[in-house]
Every structure is written in C-alpha cells, then in structure tokens.
Number of protein chains: 8
Amino acid sequence: MMDQSYLLDILNQVAESKMDPREAVEKLKDLPFQDLGFANIDQHRNIRTGCSETIYCAGKTPEQVAAIVEKMKENNSRILCTRASQEVYEKVREAAPEAVYHPVARLIVIKQNEDVVSEKTIAVVTAGTSDMPVAEEAAITAEFMGNRVDRIYDVGVAGIHRLFARLDRIRSANVVIAVAGMEGALASVIGGLVDKPVIAVPTSVGYGASFGGLSALLTMLNSCSAGIAVVNIDNGYGAGYLASKINQL
Amino acid sequence: MMDQSYLLDILNQVAESKMDPREAVEKLKDLPFQDLGFANIDQHRNIRTGCSETIYCAGKTPEQVAAIVEKMKENNSRILCTRASQEVYEKVREAAPEAVYHPVARLIVIKQNEDVVSEKTIAVVTAGTSDMPVAEEAAITAEFMGNRVDRIYDVGVAGIHRLFARLDRIRSANVVIAVAGMEGALASVIGGLVDKPVIAVPTSVGYGASFGGLSALLTMLNSCSAGIAVVNIDNGYGAGYLASKINQL
Amino acid sequence: MMDQSYLLDILNQVAESKMDPREAVEKLKDLPFQDLGFANIDQHRNIRTGCSETIYCAGKTPEQVAAIVEKMKENNSRILCTRASQEVYEKVREAAPEAVYHPVARLIVIKQNEDVVSEKTIAVVTAGTSDMPVAEEAAITAEFMGNRVDRIYDVGVAGIHRLFARLDRIRSANVVIAVAGMEGALASVIGGLVDKPVIAVPTSVGYGASFGGLSALLTMLNSCSAGIAVVNIDNGYGAGYLASKINQL
Amino acid sequence: MMDQSYLLDILNQVAESKMDPREAVEKLKDLPFQDLGFANIDQHRNIRTGCSETIYCAGKTPEQVAAIVEKMKENNSRILCTRASQEVYEKVREAAPEAVYHPVARLIVIKQNEDVVSEKTIAVVTAGTSDMPVAEEAAITAEFMGNRVDRIYDVGVAGIHRLFARLDRIRSANVVIAVAGMEGALASVIGGLVDKPVIAVPTSVGYGASFGGLSALLTMLNSCSAGIAVVNIDNGYGAGYLASKINQL
Amino acid sequence: MMDQSYLLDILNQVAESKMDPREAVEKLKDLPFQDLGFANIDQHRNIRTGCSETIYCAGKTPEQVAAIVEKMKENNSRILCTRASQEVYEKVREAAPEAVYHPVARLIVIKQNEDVVSEKTIAVVTAGTSDMPVAEEAAITAEFMGNRVDRIYDVGVAGIHRLFARLDRIRSANVVIAVAGMEGALASVIGGLVDKPVIAVPTSVGYGASFGGLSALLTMLNSCSAGIAVVNIDNGYGAGYLASKINQL
Amino acid sequence: MMDQSYLLDILNQVAESKMDPREAVEKLKDLPFQDLGFANIDQHRNIRTGCSETIYCAGKTPEQVAAIVEKMKENNSRILCTRASQEVYEKVREAAPEAVYHPVARLIVIKQNEDVVSEKTIAVVTAGTSDMPVAEEAAITAEFMGNRVDRIYDVGVAGIHRLFARLDRIRSANVVIAVAGMEGALASVIGGLVDKPVIAVPTSVGYGASFGGLSALLTMLNSCSAGIAVVNIDNGYGAGYLASKINQL
Amino acid sequence: MMDQSYLLDILNQVAESKMDPREAVEKLKDLPFQDLGFANIDQHRNIRTGCSETIYCAGKTPEQVAAIVEKMKENNSRILCTRASQEVYEKVREAAPEAVYHPVARLIVIKQNEDVVSEKTIAVVTAGTSDMPVAEEAAITAEFMGNRVDRIYDVGVAGIHRLFARLDRIRSANVVIAVAGMEGALASVIGGLVDKPVIAVPTSVGYGASFGGLSALLTMLNSCSAGIAVVNIDNGYGAGYLASKINQL
Amino acid sequence: MMDQSYLLDILNQVAESKMDPREAVEKLKDLPFQDLGFANIDQHRNIRTGCSETIYCAGKTPEQVAAIVEKMKENNSRILCTRASQEVYEKVREAAPEAVYHPVARLIVIKQNEDVVSEKTIAVVTAGTSDMPVAEEAAITAEFMGNRVDRIYDVGVAGIHRLFARLDRIRSANVVIAVAGMEGALASVIGGLVDKPVIAVPTSVGYGASFGGLSALLTMLNSCSAGIAVVNIDNGYGAGYLASKINQL
C-alpha cells in the first residue's frame, strides 16, 4: 500500500495463483526491513523516499550503532551516521573500516558516493564562525547525497558588505542554506536578495535570551522575506537532506 | 550592488562619460522603488527574487492598501494582497475593478496570470476541514504564481486510510504542502512516504495546549522524517510562495 | 492493511479470479469513507476503533457541519458534534430534526443510544461549579457511548470533607474522570484514594498565572499519585471517550 | 475515613465499649504507615489503591532508600524502586539481597511477582531505539504488577510500514503504551488504528525545539485521535502503572 | 477527622449508644455543607479555616451565584462575592437586597461586618493608578474580614520620593500589601524598608513583554528583599484574605 | 535626599534656626508632588530626571486622566498623554482645550514645545507600514521633547536596497530608532552600518510564532551587531524618550 | 530619611549648631554600611527590617564570603550564610571558628541565637523526602531567628491519611510552611484545613513537565484555597524568614 | 554603497578612465575584509561603525581565535576578545604577547588604548557582588574604548540607603549602566533618579523562577521609569559598547 508496485506485484502473484492469499497477507507484513530487537532497519526507505536511512546516534550505545551499521551494509552502499561521538566512531570502524569521521560535523560517512548526482550547487552560508559545526553537518550531508556544495562562512549582517561581496556565489546556487544563531537575521536578508529557495537553520549559538536557539528559530519563522523554509535548531542534517531533495528535482 | 547588471550599466555610462560620478551615486540610490510616504513599493523585486511584491494587509488601513495597489499597477501586471478583509477588498476594488476576492483564504488577486509556468503539480494536503483557510491561501498563492495545484483535504492521521487512498496523487506531485493544526502529525507521516520536498504549515486550529499553533509547529520542527521545511503558523502564503520557488527551479 | 479481514477478502477475490489485480489496487483506495470535497467522512471508523466518528465543529461553517451530518446519517445511527454553537445546531437540525443540543457542554447528540453497553459506572468529579461545561462534555460523551455516569460536582480540595463525603460513590465507579482548573490538585488527591484508573482533565478556569489552563495541566502531569491519565485542557470529549474505551474493555 | 471498613471497625469497637472514644481518635491517626523521620511508609496503600508503594529514588540518598526498603520489606512482598542509580542499588542490595537491578530502565525490583494476574497483554511500542529506557521502565513496571507485556520497538512513523507490519500484535493487546520523543506522532497514528486505550508517553529524546520533551508532550495532548491518555515526559513508570490498573479492571 | 471536636462528639454519642455506628458513618459524610447539584456550599468552612466561604463568580451564571447566596444566607451573616459583574449583582440583589456592589473591585459584599476585629492596620500600597481595581479588591476584602485598612496609591519607584513621603504610614502598618504591575519593583523596595510581612500582588497592568502580569510576578518571586509573600496575578482577594489571617494572629 | 540642593536648603534653614527640626522632617516628606487620592502627580520630576511626567492612560478612566491633566497644568507647560483613546481625548479637551490628539500614535500633546532644544536629528526608521503607530509614538514623543525627527518608513530587509537608498539620511542622524515587528532584523542590519546609538523597538506586528512581538524582541536582544538598546514591545514612547535623553547629552 | 530618628538626630545637631549643614549632608550619606569594594555590608538592616543581613553565597568566591563575614562580625552577633558549599564553609571557618555548617540545607550559622524569641511554633511540612533540603533551609532559618519549629516530613497527598494523622500538630502551629515539588498539591490541601497563614515553597523536585519547579510554583499560585503565600522555587530561606516575621508580630 | 566616499572614489577613477567598469565591479566586492576560510575579518568596521571588531570567542577553538587575532593585528592597534577562557588566552598570547587577560570579565585586551577619548564618566552600578563578572565586562569594554568608568558595586534595592549614599557619583556620570540579576529592580529605581541615559543589563544571577535571567530581563523591559535601554542577559560587553557610543556623541 505504501509502495503500489510492490503491492501490485504481490497481487499479481496471487491472481496468477502463484501465491496463497494468506501468504500474501504475511508478505505484506514483510515489507523490507530487518528487526534487530532494539531497531528496525528500513531497507525499503531508499526506494520509497529516495534516500537511504540515516542513523541518529544520540541515545544509542556505540554497540547498537555498530550493529545497525553492520546489518545495513548488507543492503546499502552508502550509510550516514549523525550526532556521532568519537566513541561511537571507534566502534563503528570495527564493523566498517572504510568509515570516515568528520569530528566538527559529528558525522560518520560510509562508502562516500563518488558520483555527483546534480551539477547544480547548494550554497551553505553562515553568519559566524561559531555556526560552522551545524553548517558542516549540512554541507557534508548534501555532498554525501551527491550534490556540489559551496561553503560561504562568517558573512553575518553585522558587517553586511561581507555578504554582498559573496552575493554572486550565493545567487549562482540552486538552493541556499542559511545557518545562523543569535538573532538569525541572515536568512531574512538573503531571502530578499535571491530568487532560489532558502533553507534557514537556526543554531544554538548565543547566550542569555537566545534561549538555546529559540531566538534565531522565531526570527526565521517570522521572516518578512517570503519563501524561507525553516528546520529545527542545529539541524544541519535536515537542511542538507532537504536541500538535496530540492536540488535533485 | 544588489543587481550587478544594473550597476554595471551605470558604471559603463560613467566610464563613457555619459554620466557624472556624483549623479551615479544619486542613481544608485534610485534603485526602482517608489515612496508613498508610508510605504516603499519595491518595483525591482520581481527581477531580484523572481516574484512580484505582495501586499500584507494586516495593520494597514484600506486606504493605504488601495493606494499601494494603485501605484503598483503602473509596473506590475499581477498583484497579490494577503490577510485582506472584505473591507479592504471594497476599497481595493475602486482602484482595481478587476480584483477578485477569495474570502476563505482572505486573498485579493489582481490580474490572475493565465499562463501556467510549470506543468508539475503542487499537492496541498490538509489534516482536517478546519485547516482549509490556510490551505486555500497556499493553493491560491501557488496558482497565482503559475503552478498547477492538487487539493487533498481532510486526510489526517486519525483515519490514516484516507491518506493512503490519496497516496498516488500525493506522490505524483513535485512538491507537497502539508497543512495541519492540533498535533500536526500529518507532515511526519507524509514525509516518510514521499520522495519530494514537503513543506509543513502548522495551523492555529486546536484548543487548550495547542497554544495557538505552537503544538503543531513544534511537532513539525521535530519531525522524525527528514527533509521537511517548516513555515510560520497559519502562513499559507509563505508555503505557497516557497512551493512555487521550488517547483519552478 | 489497516483492516486485515477487509484486505484478505479482496485478496481472496483476486485469488479466485473474481477480481482483477489492478481493480484490487483501486479497491484498496476505496476503503470506506466518503469525500465531500472539504471533508472525508470515515465510515470505517466504527469498525476500526470501536467508536463512530465525531464532528469537531470549531473552524467549520454551520453549512459544512450540516452537510457532514447529512452524509454520515446514511451509515451511522449515532452522531456526536462537539464544540457546537447554537448557530451550528440550528443548521444541523434542518438535516437531522432528531438532533438534541446540550448548550452547557456545547454538544449535539443525534440518535442517542438507548442501550447502555456497560453496567459499570464512570464517575465525573469536578473541583468547582465553573468546571461544569467541561464535565458535562465528558459526561454526555460517555453516556452517548453507552455508559452509566455518576456526576459529583464542586468537591474541590479547598473543602476536602466534601470530597470525602462522596468517596463511596467515587470508589464504586469503574473509571473516574477528575475535572479541575486553577491548580488542579483534585486529580492527585483522588488518585491517592481510589484503585481505579483516573482520567484528569485540566480546565481553563482560573486567572493570572493559570495561563489558560497550563497550571492545572502541569499539576496533573506531575501528579505524585501514579496512574493518572491526562488529556488536553478543556478536553471533556476526549476524557469521556477514553473513559468509555476503558469502561468497555 | 479514607477507608470506611477500617473506620466502621473502630466505630463498632467504640459502640461495643471495647474502645474509648479518645483512644479511637488516636487510632484514626494510626492508619497504617510508619514514620522513619525523613519518610512515612504508606503500608496501607496496597489496600487503598490496589498497588504497593513505590520508592522514587531521585533526591534520596542511597542510605535513605535502603532504610525505606528495609522497613517496607516487613509488610510487603513486592517492592519497586524507580530512577535508581547503580549506587543506590549497591546499598539496597545490602538490605535486600534478592533485589534485581535493570540498568536501562533504572529500576530495582524486589521479590518479583511470579504470578501473572492478567492474561491480557499490554503492548509497549516505541518510535525509536533511543526511547528504549523509558519503554523498559514501563514494561518492567507492568510485568512487576503481574501483566504480560509485548515489546514492539523502533516502529516510528518515518517508516510507517514497520508499524503496519506489527499492527496485528498491537491490535491484539488490551492496552497500548506508545513511547515517542521528537515529534511524538506515533501515538496519534496508533490511536487511529486500534480500539483499545492508548497511553502516550512523551520522551525527552530529541534536540533543539524538542525542548526536553515538550514537543512530544504537546503533540500527544493535542492528538486528533481521541481516547489517548498522556503521562509526564519520560514517565515510563506512570504509564506501566496506569496500564496495569486498566488491564486488571 | 478534619474537625476533631466534631468527630469526638459523634464518637462519644456512639460510645454512649446514642448513635448507631452505621449512622455515624453516614453522619461523618454529612459534615456541614449543602449540595445544590452544581455547588456544594461549605458551611463548615468558617469553623475550620476561620473565614466564611467566598463565592468566585467567574464561570458561574448569575442564577447560580444567586442560588448559592440564597442558601448561604441561611447560615452565614457575611458573604463575599468576587469577580462579580454588574449583571451578577443585579441577580444577587434579588436574593439579598442588602448586598452592596463595589464596581471597581468587582466585589459584592453582603452584611458587612460592623465590628473591627483587629485594631492593627493593613496598608495597601500601589505603584500606579491603574493598579487600583486589584488594590481595592484587597482592601475591601480585608475590611470585610474586620481589619482597618490604610490606602496609599500611586507611589511607584519611578518617583521614589512619593514612596518615602508615605514611609511613616507604611511602617506603622502591621502587614503591607504591595500592588504593582509592569516591572513590579515596588515590592522589593518596600521589603527592604519595613520590618513587617509584605504581601506582593502582581497585576496585569502593562503591555508587550509584561505578558499579562508575568513580568511583575517573576520580579516579586525573585525579590532580593527576603520575606515577601507572593500571590497570583491580579489576586487582590487572596492578598486581602492572607493579610487578614496574619493581622488577626 | 533625592535632590541634595533641596535638602541642603532645608538644612541651612534649620541651621540658621529659620526652621524647626521636626518641621524639617515634615518638610522632607513634602517633596513636590500632589496627591489626588488615586494619583500622586510628580511635580518634581522635571528637575530630577530632566523630563516632565507623562500620563500613561491605559487602565485609567477618562475622568481620572482629565483630573490629572488639570492639576499638572498648574505647574507644567508641557504634558504628554500616552495610550490615549479618542474617548480620553474628549474628556481631556474639556480640561485643556489646547490639547492636540494624534490618533495613529494614540498621543495627546498639550502645549507643544515650540523651541527645538537640539539641532541634531533623531532618525525613526520602520521595517513596514504596519509599524507606523509605534514609530509615530516615538517620533512625536521625541519632537515633544524638543528634537528634530527624520521619519524613514517601510525600508525592511526583505527589499534591502530601499534601506541602502536611505542610508545617507540614517547615517546623518545622531540617534537612530529602528522599529520592526515580525522577525525584527532591521535593527541588526542598521546596527552594522551606522556609528551612532541604535534604539530598537520590537512591535507586535506579525502573526503565528511572532507571539505578540516576542520574536522581534528576542531578535533585537540577541543582535550580532553590538551597541543596540532595546525597549519593550510597542514601546514607542520609551524609545522616543530615551533617544531624546541621548540626543540632548 | 529611611530611618527618621537617625535623621532627626542629625537635624537636631544641625539646629543646635553642633553640626555644619554640609557635614550633615555628608553624614546622611554615611548611613551605617561598610564598603568592601565588592560588597556593601548593610549594618543598619537589623534596625530597619528587624533582621540581620544574610549572605547569599552563590556567585561569590569563598574569599569574598569570608571577608564579608569577618567585617559583619564586628557589628553582628548572628550571621547566616545561604547556598553555602562545603568549600565556602572551610574558608568561613577560618574567619569565624564558631561557624556551624548544615550540609543538607547548605547553611552556615554563626553564633546561633540561644534565646527563643517566640513561643509559638512554625510547622514545616513536606510532601516527600526529596523536599528535605529546602525544608531544612526553611526550618534552620526560622530557628536561627528565634522560633520554635515542628518538622513534619513526607506527608504528601498521594497518601493523604499520613497528612491527616499529623493534622493536630499542623493545626497547633501559628504559621505553616508547606514544601512540595512535583505537582505541589500539598499547599492547597493544607490551606483548606488550617486557619493560620500558609507559606508555600515550590521545589524543583520532579522531572519532565515539572520544568525545574515551574509546575509546583503555578499550582501554588493558583491554589483554590485562599490565603496562601508563595515564595520562589527552592527558596527555603525566604519562607523561613517570612514565617519568622509573621510569627513575631 | 555602504561607504559612499569609497564608492565615489571608485566611480571617479572609472569616470577618469583610470579604472575599467568591470574592474570596478570586482573592486566593490573587495571592500576591506579578509577571508580566513572560517572567518571574515571586518577591517572596515572601525571606519563604518566607529569601533574596531571584537572577537566573540564562545564556539571558536583557541586556534581559530589566535589566527583571527594574528590577522587583525596587521590593521588594528586595539583588539578585544570576549567570553575568552584561560585556554583561549594561552593560545592568543602566543600570537600577541602584549595581550592582557581579565579572568573575572573573561576579556582579553590587546594594545589597551592609553588615550581617554571622553572626559565624561560612565557609571557601572551593580545590585550585588554576584553581578560583578558582567559589570567588569562592561567596565573594561568601556575603558578599552577610551572612556572613564566609575564602579559602584553592591547597592541593590534591598538596602536602598546604600544606593542613595552613592547617588552623587551616579548622578555625575554621563551614562549609567545598571547591572542586576534576581528581580532587577535596580534599573527602575535609578531610572527614576537620574536625568541621563540608563543602560540596564539583566544578569543570570538568581535561582528558581529567575529562569536564567528572564526575570530581570522582563523587569527591565517593563520598567515604569522611561528611558531605560535594555541589552541581552549577561551582555556586559554590549552595555559597555553602547555606553561608549553614547558617551562619545
């Protein structure tokens, strides 16, 4: 039902008496995923949503992550682990020696895709240097999914000429990811200057009344520039994933 | 500077001594907008961001809106007024008799674009009937910008088979707008089922601990399905605008 | 898939060549609901979740509610409309003359079930007189679903002997619904005194730092008495529905 | 007064002149609990609410917990300690060598009840692997109280076919506990698919705008699926206790 | 149990065989209150807490308030109705022609106590003129309960010499009620200058980031001057009641 | 004590035996203000803080405002009433026929100062037309206090070239007031471009997650541009007053 | 001015030419406090507010606290240090060997007052064992100020008969301090049962939606029992200080 | 455009054919800043806003800060690093041996300006000793920018005579910075006593319902004393910077 060609195939087999109806019901329950007890790996995801499943490591033990990676490797050529600590990486490397760790972005990349799927560029722009970890998470995620990425960092609105000096590069991108903490005004300014979709990522950079990123989040949601897509605070992965989806339409 | 061809043109004239440098400085201040005293109409916007300026009517008097419309009509063939009351419409109609009012969506559309720019469809999906005003604002905005729209209403997750029955139509769209109030779970479920960008619009439908749409907003920002773009609560216009930008890449 | 006997039936027909596979796919989309354009009536709900669908009237026009009622009457003998204004009722009465309106609870009841499904009682207890509208919404919903209800009102903890005097009646119930605004302490006290499930309903009764019911909501969620189920602020309907589900296990 | 048979008994003795009135007043103060100075053990609780008292360890020293356990063992055959650290367990084990520690759930179980009180099953369902600690707290609590538990983990709505594949097991349960962090949509989807009471437990799993579980909490309170009981964030114990109460009606 | 002399009396009757034990149990349920169906009047309150019950009118119909007043008059010589609208008063006057209405304080006073119970004064101090309704609610409540009240209004800290000029009067009071909205600094300043208990009442006077009185509430709770008692926002009644309790120790 | 020359004068009189010590104590209580019962007019304010007292009308009856105006006129040549409704104005005009009402700014100005105290300009800049009421409150307040004001409206960052075109005027001001609702990014952008103090005024313009101006408030407090002074939401008066204080240093 | 006898004395000296007016002005600045550079010790406080100054240790270095203690000892026989760590105590002991440390309450008491000022008792009641640190802070503070204290711990409403069994002792107190975390219902229940002032102290005991004590704070502010004074979360010191003020009226 | 003289110069060169138009476009992109990859140093800032750029160290590695310092030293004689840890300082000292570290204020000052730009004083006033780190950040920042600073610490409103004793010094300042945590009433009291601009800095000093400085922030924003400028919680740097801007007008 989720995947009609799959369902149609089963129904066809039933129609051609190649499959018993009761067996078909059982089959439908066996949509491709694997149960590790504590985790159900969604092997079907790539077909369904166009992206392989990503492992969110926070709240999982290194052992659990490694076990999931090991099982996923059977069916996937590309695996991404987010919010991964060095400790998780040590354990994953045992199961997947080809794994590469990006400590700033806290990402583990397994079997990086060599082929660039889209020639169009995704620009990742930050307001400050402190926003880099989130920006790198977005950039590497987008690259992992086969996109070209142009990094433009530390061009916040307090010195707006730095932004204007990069406007050519930002405007030539197909999708723009704007990463900013504190008051997050960068997204609004970019939104008023480019004619491409802008994905705004609030970061928890700031103090006091930034309330862990709430200030930047509200700024971006209330932007006077229309056409800005907002993701969760510090959610570089989500921004990179969304940008990739848009870039590969 | 915002628009380099424009700047280059001025500089060329200066270089060719067709324009005095001081005059050029003045010129650069005259980037195309018009000052009505209380409003600066951004005639240049269409060139810069690919969309004509929209008039946000809340907080403006009917007279102010009508005056802006009148001025904009000199340079624009298409004008959109959002959050427009019947009272505003009455005044605008005097300045623009061709204006059409959509009361549910609270939109005034002037000189609707006949040409569809993109053949690809934007699906607008709602959880409930009460979400219709926001959904219509999104749908009419997207149509105004030259997109085909497929409306799929009242398919919330409480009766999830209603959603699955429409999955074909949702999946065949190029961009999906998911509109939901209360707990806003619709966006997450759709995000896990389609391989296209999903724009989530939280609505203020609900009561008690929905806190005017905060509940649905947080749900959508924290979605376990990656690749979901969130806009402000009840911001149908922003969702339609963003969907159009993505659809016309 | 949602309803396996239904699916099995279709599959059987396909297996017996009584149905074409493609037709089956179409069929599966036709799970029983009806599309009114603005609303999809979930005729299948009663079978799936044991309760007929309820119409949430807030945000719907009287005309929309009446149209939904009219369509639902074809397949349902019992219909409940919540958050219904007098104005909605006037319109619904045209489509369903047998409709009864409860103005305090803002409920419209159509074809009240005469049969009591369960002999066990649900006690609805309130802290104050001002909590009555929410309590009545809960009580009438539970009665609508075939339960016996015992109403015990205005026994808040400020005069706790009033509560103790009713303890016999509260203890003899099978499920207890505790409705309270302000600080909502009633639920905790009852939770420590009875051995049956307690459903706590915070109300928006109060002022100042009650923040529209937030105070009572937090009180109930943090109750030191274990085994308390909380529903949304002012959600009498949800409490009555849940109590009925539990009472009819 | 809390317990009328107890009161009646005292009154009868007074009536039969077996007890002096003043002594009776004193007696009534001696309802069965024991004062350790820093804690009053509620020995009467089992009779009054059907459940033995549980020790909430957070904020108590290991020595205090051990002293309470020692005293409770005189009258209770079954004791449960929640939010217990390894350090607390070491101390408790000295007073109760038969104590078993569940580190993931942070529970200490003393004299596990061998007899299953109810044959009906409680399903504990989680959205992700990271929700396991809370789910285990719920499951072990329910088992401790004599219920059968079916654990179904990592079936969140991002890959909804994983949930549907388990629907049979979920539907065959008498009560369902849905444990989810992030946006918590799992509870709404399950609520629309089963005809049994659903207890929703928001977890603090997530980041950014999940605000320590607030997002999932609001989602669950505002669920468009009626009949969902919500407990406090991360309150696995409360969910298991409530499920047991319902399951043993 | 709530009232031991009452209980002792019943027990004595049982001991002397003047009362049957079962009748005693029934008796204990009949602690003095009267059930109007929608309200339980707590006739016993005066004895138990030293104050007659007050009727909180918000959320009650004028008819309900009038019925409660009528019943209470049978046992009470003094009745206070808070948050009473003019409409409620009109209805109450029918049942109690001697009722006096204070529109600024929204209080109805029935059978004002002529006797002053305490000679010691309660000072009611406000920061601004806009705080008067809350201050009057406090002052009239305190007078109703037999206290002398000294009103000192509009002496906020923006012109602090106005406060110092009244310091003699404030210091000669036995209890001080400080009523302030906006930033609520008045309570802290008074708290540092007097050696008597200060009751701080935050008001909802203000705009913007006063968030309906939250700002003043937090100010008062966090006061650097120790010994300040805070009540709910706009809760003049509670402050007057508490001041009376303290004043009559 | 607040005003040492005043104190010294009294002490001198005492020293010269022109005044009795006890009389001096009384005198010190009579610092210049006048008690109307409900209001204490601070006649001394102009000397102490350099500004005449302003009447905040919200929460006061028209009669109270008029009475205060009448009394203040005895000692003040200039009076400002803020948050004044048309109804208040009608009453004030009876006491002060020379009063002028500014309905957009909701200000009543009595005896406008003809003399401009400072030749330096205060620029009042708004993001949108809807911010005008707050901006006018700031501008007229500053003019009332003897400053030159340059109004620059509707130059928000969504069309940032409109702002740059006015940069000359903004930069030539001595103090800049930036008024913006929605995401409030205007203040940060201006703060990065000018070398003068910037006073940021968040407005409640916006919807959804603007939460009544909270979004713009947080943006401005967290600005990455240093040297920005923030006042309360919609507090045009406070901004104008502060700008005047700075402009007249 | 703060202290009129002090002022009168100075004025008398001036009147009698024993003091020069200018010298008097200087004198008035020398109201009794001592400047340590980083701290101004308020030696005058005892006379003014009836309590000696207390040292709030959080945010001060051990060296700073010790220096303040040393200076205060010159004029005070009794000193109290709150929120004091063991580390602070070590340093203070060097300056004041007679200092006694209460680790649970985090209080340092110097020269404990032997004399009990009031014979009337303050009851300190807690809901749970985990509330003990806050309760002890209140109790020791009250004892430090010369009051008799009756500690009644772990009598929360989940087992309400434990509370009733202690009702005699609670009712015989002159002031009651109710300390509770989680949902904080204890204060409301006590408030309805006693005729003495109740001071409610919310504690940060709890988890999830207790939001660091916010839940208990709101409960207490919104109590349906009138006459409850609330202090800040975990503010045992403030409660003890306030109770002492009331107890010694 | 940001800097018109710069633009005019380029245009003049183009007009005089000393520069090619295309080269001019490139030139305009090269407004003076330097790209370190992770940071863009804004060398132009001093000219544009009158202040050299400051390095916000939080979220940057010691290596990044040192690299920025090294590059900035080429064009700046004065550099300020805020929120700098001891660890950052160790690294910076390698690049700039003349750097001085202020551990309480967490500031690194490089090449302290010897010349005092303004003879007028900035008063930095704190409520308590615990507010010193924020106050020192403000004071040293102001001194760094060439201002005289008068520090007046620990004069909070709980002992208001301490404040009055310093009133002379506070009043003689040209700008006042009021630093306070807890309830933050200091700013309002000072605002009512001085005729100079007051910059209010809320600090996170406090506990419980101070919510990390939110209480003091709201107090200051809602001050009943007009003319108070508020900066972010704990933002001593911003206050010092703003005070300097005002002081040097």
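Residues numbered from 1 in each chain as written. Chains lettered and ligands numbered in written order. Predicted model: local features only at pLDDT ≥ 70, side-chain atom pairs only at ≥ 80, totals over all residues. Heavy atoms only, no water.

**Student:** Explain the state of the cysteines to me, please; I cannot follow it from the model alone.
**Tutor:** Here, disulfide denotes a covalent bond that connects the sulfur atoms of two cysteines. Residues and elements named next belong to chain H. Across all of its chains, the model carries zero disulfides over all chains by this definition. Looking at the unpaired Cys57, the closest cysteine sulfur is the one in Cys81, lying at 4.7 Å. Cys57 sits in the buried class, given a relative accessible area of 2%. (Disulfide = S-S within 2.5 Å. Buried < 20%, exposed > 50% of the residue type's maximum accessible area, 1.4 Å probe, protein only.)

**Student:** Can you walk me through helix 6 (residues 132–144) of chain D in this structure?
**Tutor:** Side chains three or four residues apart in an α-helix point the same way, a direct result of the helix having 3.6 residues per turn. Residues and elements named next belong to chain D. In a regular helix each residue adds 1.5 Å, so 13 residues correspond to 18 Å; helix 6 covers 18 Å between its end C-alpha atoms and thus fits that length. Residues of helix 6 that are buried include every one of Met132, Val134, Ala135, Glu136, Glu137, Ala138, Ala139, Ile140, Thr141, Ala142 and Phe144, and no others. Looking one or two residues past helix 6, Gly146 carries a phi angle of roughly 95 degrees, positive in sign. (Helix = DSSP H or I, 4+ residues; strand = E, 2+ residues; numbered from the N terminus. Expected span 1.5 Å × (residues − 1).)

**Student:** Looking at this model, I keep getting lost on the sheet that holds strand 5 (residues 100–102) of chain E. Mind explaining?
**Tutor:** Pairing between the strands of a sheet is mediated by backbone hydrogen bonds and can be parallel or antiparallel. Residues and elements named next belong to chain E. Here four strands make up an open sheet; going across it, the order is 3-4-6-5 and the pairing mixed. Sheet topology places strand 3 (54–56) and strand 5 at the edges, where each strand pairs with a single neighbour. This sheet shows a mean twist of 20 degrees between the axes of neighbouring strands, independent of strand direction. Where helix 5 (residues 86–95) meets the sheet, its contacts fall on strand 5 and strand 6 (107–110), and the angle it forms with strand 6 comes to roughly 20 degrees. Sheet strands touched by helix 6 (residues 132–144): strand 4 (79–82), strand 5 and strand 6. Its angle to strand 6, the strand with the most contacts, is close to 10 degrees. (Pairing = 2+ DSSP bridges. Axes fitted to C-alpha atoms, helices over the stretch in contact; angles between N-to-C directions. Contact = heavy atoms within 4.5 Å.)

**Student:** I'm lost on the domain arrangement of chain A in this one. Help?
**Tutor:** One widely used convention gives an interface's size as the accessible area the parts lose upon coming together. All names here are of chain A. Domains assigned within chain A are domain 1 (4–11 + 20–111) and domain 2 (121–247). Of the roughly 1200 Å² buried where domain 1 meets domain 2, counting both sides, 67% is carbon and sulfur surface. Here domain 1 and domain 2 share one salt bridge between them. Residue Arg83 is joined to Glu137 by a salt bridge in which the shortest nitrogen-to-oxygen separation is 3.9 Å. At the boundary of domain 1 with domain 2, the tally comes to three residue pairs in polar contact (both at pLDDT 80 or more). Within the residue set of the side of domain 1 that touches domain 2, elements represented by two or more residues are helix 3 (45–49), strand 4 (79–82) and strand 6 (107–110). Its residues assigned to classes, the side of domain 1 that touches domain 2 comprises eight nonpolar, five polar and three charged. (Domains from an automatic or database assignment. Buried area = accessible area lost by both parts, 1.4 Å probe. Salt bridge = Lys/Arg side-chain N within 4 Å of Asp/Glu carboxyl O. Polar contact = N/O pair within 3.5 Å; in protein donor to acceptor, adjacent residues only side chain to side chain. Nonpolar A, V, L, I, M, F, W, Y, C, P; charged D, E, K, R; others polar.)

**Student:** What is the right way to look at the packing of helix 6 (residues 132–144) of chain A against helix 11 (residues 236–247) of chain A in this model?
**Tutor:** For any two helices packed against each other, one specifies the crossing angle of their axes together with the interaxial distance. Residue and element names in this part refer to chain A. At a minimum axis separation of 7 Å, helix 6 and helix 11 run at an interaxial angle of 35 degrees. The crossing of helix 6 and helix 11 is right-handed. Contacts between helix 6 and helix 11 pair Val134, Glu137, Ala138, Thr141 and Ala142 from the former with Gly236, Tyr237, Ala239, Gly240 and Tyr241 from the latter. In terms of residue class, the contact of helix 6 with helix 11 is built from six nonpolar, three polar and one charged. (Left-handed = near helix turned anticlockwise from the far one by under 90°.)

**Student:** Honestly, helix 10 (residues 214–221) of chain A in this entry has me stumped. Any pointers?
**Tutor:** Of all eight residues in helix 10 of chain A, seven are buried; the element is thus mostly enclosed. Where helix 10 of chain A is concerned, the buried positions are Ser215, Ala216, Leu217, Leu218, Thr219, Met220 and Leu221 of chain A.

**Student:** It is not clear to me how the packing of aromatic side chains should be interpreted in this structure. Could you clarify?
**Tutor:** The description of two aromatic rings rests on the distance between their centres and on the angle between their planes. Scanning the entire structure with this criterion turns up 28 aromatic pairs over all chains. Ring geometry for Tyr89 of chain C against Tyr101 of chain C: centres 5.0 Å apart, planes inclined by 15 degrees, an arrangement best described as stacked. With Tyr89 of chain C in helix 5 (residues 86–95) and Tyr101 of chain C in strand 5 (residues 100–102), this residue pair connects regions lying 12 residues apart in the sequence. A relative accessible area of 9% means that Tyr89 of chain C is categorised as buried. Measuring from centroid to centroid gives 6.1 Å for Tyr207 of chain E and Tyr56 of chain F, while their planes differ by 35 degrees, and the two rings are tilted. Here Tyr207 of chain E, found in the loop between strand 10 (198–202) and helix 10 (214–221), pairs with Tyr56 of chain F, found in strand 3 (residues 54–56), and the two come from separate chains. The exposure class of Tyr207 of chain E is buried, given its relative accessible area of 18%. (Phe/Tyr/Trp six-rings, centres within 6.5 Å; stacked < 30°, edge-to-face > 60°.)

**Student:** How should the pairing of strand 7 (residues 121–126) of chain E be read in this particular structure?
**Tutor:** Here is the key point about a regular strand: its side chains alternate between the two faces of the sheet. Residue and element names in this part refer to chain E. Taken across its six residues, strand 7 has five buried, putting it largely inside the fold. Relative to strand 8 (residues 148–152), strand 7 is paired through five bridges, and the arrangement is parallel. Note on strand 8: the bridge partner recorded for Ile122 is Val149. Note that the unit made of strand 7, helix 6 and strand 8 has a crossover that is right-handed. Taken together, the five bridges between strand 7 and strand 9 (residues 175–180) define a ladder with parallel strand orientation. Along strand 9, the bridge assignment pairs Val125 with Ala178. (Right-handed = clockwise from strand over helix to strand, strands pointing away.)

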